[in-house]
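This is what each chain is made of:
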Amino acid sequence: MAYRIKRIDPFWHKNPAVPAVAAVAAVVALAAAQSGRGAVAAAAGLAFGAAVFLATKPALSGVFAVFGLLAGVVTFLAGPSAGLTPAMRALATAAFSLFYMVLMDGVVLAVAAIYNQFTRAGLRGLSLRLEE
């Protein structure tokens, strides 16, 4: 059996307000960072990360969080200390894991949206061949 994949659906909350919040938060974070307002940029960045997290199905976020945690452990805990205290190394590992999860969630959402637009325009997409 052969099936054509016409749509990839990694989206969890499909409310149009979620991508709108992400877009507005990204613009505000960039503008605040350019003007030197660190607190506003951090708050907008957190809002952006929360919107991306809410837009992605939890299983994908969990997979990316585990990969981020593994990379953080290798980078900050198993590698050279570079003068960081153990508490700072643990905090750096946790922060890296969260940043990696949000980044990869955003990449998957963008790839899925672009793929869906191409297949909607009539281009041939992926196909699966299943055997009994």
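What counts, and where the lines are drawn
Residues numbered from 1 in each chain as written. Predicted model: local features only at pLDDT ≥ 70, side-chain atom pairs only at ≥ 80, totals over all residues. Heavy atoms only, no water. Helix = DSSP H or I, 4+ residues; strand = E, 2+ residues; numbered from the N terminus. Rg over C-alpha atoms; globule rule 2.2 N^0.38 Å. Buried < 20%, exposed > 50% of the residue type's maximum accessible area, 1.4 Å probe, protein only. Contact = heavy atoms within 4.5 Å. Areas by Shrake-Rupley, 256 points an atom, 1.4 Å probe, with all protein chains shown as cover. Salt bridge = Lys/Arg side-chain N within 4 Å of Asp/Glu carboxyl O. Phe/Tyr/Trp six-rings, centres within 6.5 Å; stacked < 30°, edge-to-face > 60°.

*Asks:* Can you walk me through the overall build of the protein in this structure?
*Replies:* Assigned secondary structure in the protein consists of four helices and two strands. Mapped from its N terminus to its C terminus, the protein presents α and β elements in the order β-α-α-α-α-β. On C-alpha atoms alone, the protein measures out to a radius of gyration of 19 Å, which is more than a quarter above the 14 Å that the 2.2 N^0.38 rule sets for 132 residues. Summarising its shape, the C-alpha atoms of the protein cover approximately 60 × 40 × 20 Å along the three principal directions. A buried classification covers 22% of the 132 residues belonging to the protein. Restricting the contact set of the protein to residue pairs at least 6 apart, pairs at least 24 apart contribute 74%. Accessible surface, the protein: about 9,000 Å² in total, of which carbon and sulfur atoms supply 74%.

*Asks:* I'm lost on the pattern of salt bridges in this one. Help?
*Replies:* Oppositely charged side chains may form a pair once their charged atoms are brought near each other. Going through the model one piece at a time under the given rule, you end up with two salt bridges. Of the charged contacts, one joins Asp9 and Lys14 as a salt bridge, the two residues approaching to 3.2 Å between their closest N and O atoms. The exposure class of Asp9 is partly exposed, given its relative accessible area of 30%. According to the relative accessible area criterion, Lys14 is exposed, its value standing at 54%. In this structure, Asp9 and Lys57 form a salt bridge, with 4.0 Å as the shortest nitrogen-oxygen distance. Here Asp9 is found in the loop between β1 (2-4) and α1 (17-34), whereas its partner Lys57 is found in the loop between α2 (38-55) and α3 (58-77), with 48 residues between them in sequence.

*Asks:* How should the packing of aromatic side chains be read in this particular structure?
*Replies:* Any two aromatic rings considered together are summarised by their centre-to-centre distance and by the angle between their planes. Applying the stated criterion across every chain, the model contains two aromatic pairs. For the pair Phe76 and Phe96, a centre-to-centre distance of 6.1 Å together with 65° between the ring planes defines the contact as edge-to-face. On the criterion of sequence distance, the pair formed by Phe76 in helix α3 and Phe96 in helix α4 (residues 86-120) is long-range, its members being 20 residues apart. Phe96 gets classed as partly exposed once you look at its relative accessible area, which sits at 29%.

*Asks:* How should the environment of Asn15 be read in this particular structure?
*Replies:* Mapped onto the secondary structure, Asn15 falls in the loop between β1 and α1. Taking relative accessible area as the criterion, Asn15 reaches 45% and is therefore assigned partly exposed. Counting along the chain gives 92 residues from Asn15 to Val107, while the straight-line C-alpha distance between them is 19 Å.

*Asks:* Just to check I follow, could you spell out the environment of Gly36 for this structure?
*Replies:* With respect to the secondary-structure elements, Gly36 resides in the loop between α1 and α2. For Gly36, a relative accessible area of 63% corresponds to the exposed category. A C-alpha to C-alpha distance of 34 Å links Gly36 and Phe11, two positions 25 residues apart in sequence.

*Asks:* Is there a simple way to think about the environment of Thr93 in this case?
*Replies:* With respect to the helices and strands, the residue Thr93 is situated in helix α4. Sequence spacing of Thr93 and Thr75 is 18 residues, and the spatial spacing of their C-alpha atoms is 7.9 Å. Beyond its immediate stretch of four places on either side in the chain, Thr93 contacts Leu69, Gly72, Val73, Phe76 and Leu77.

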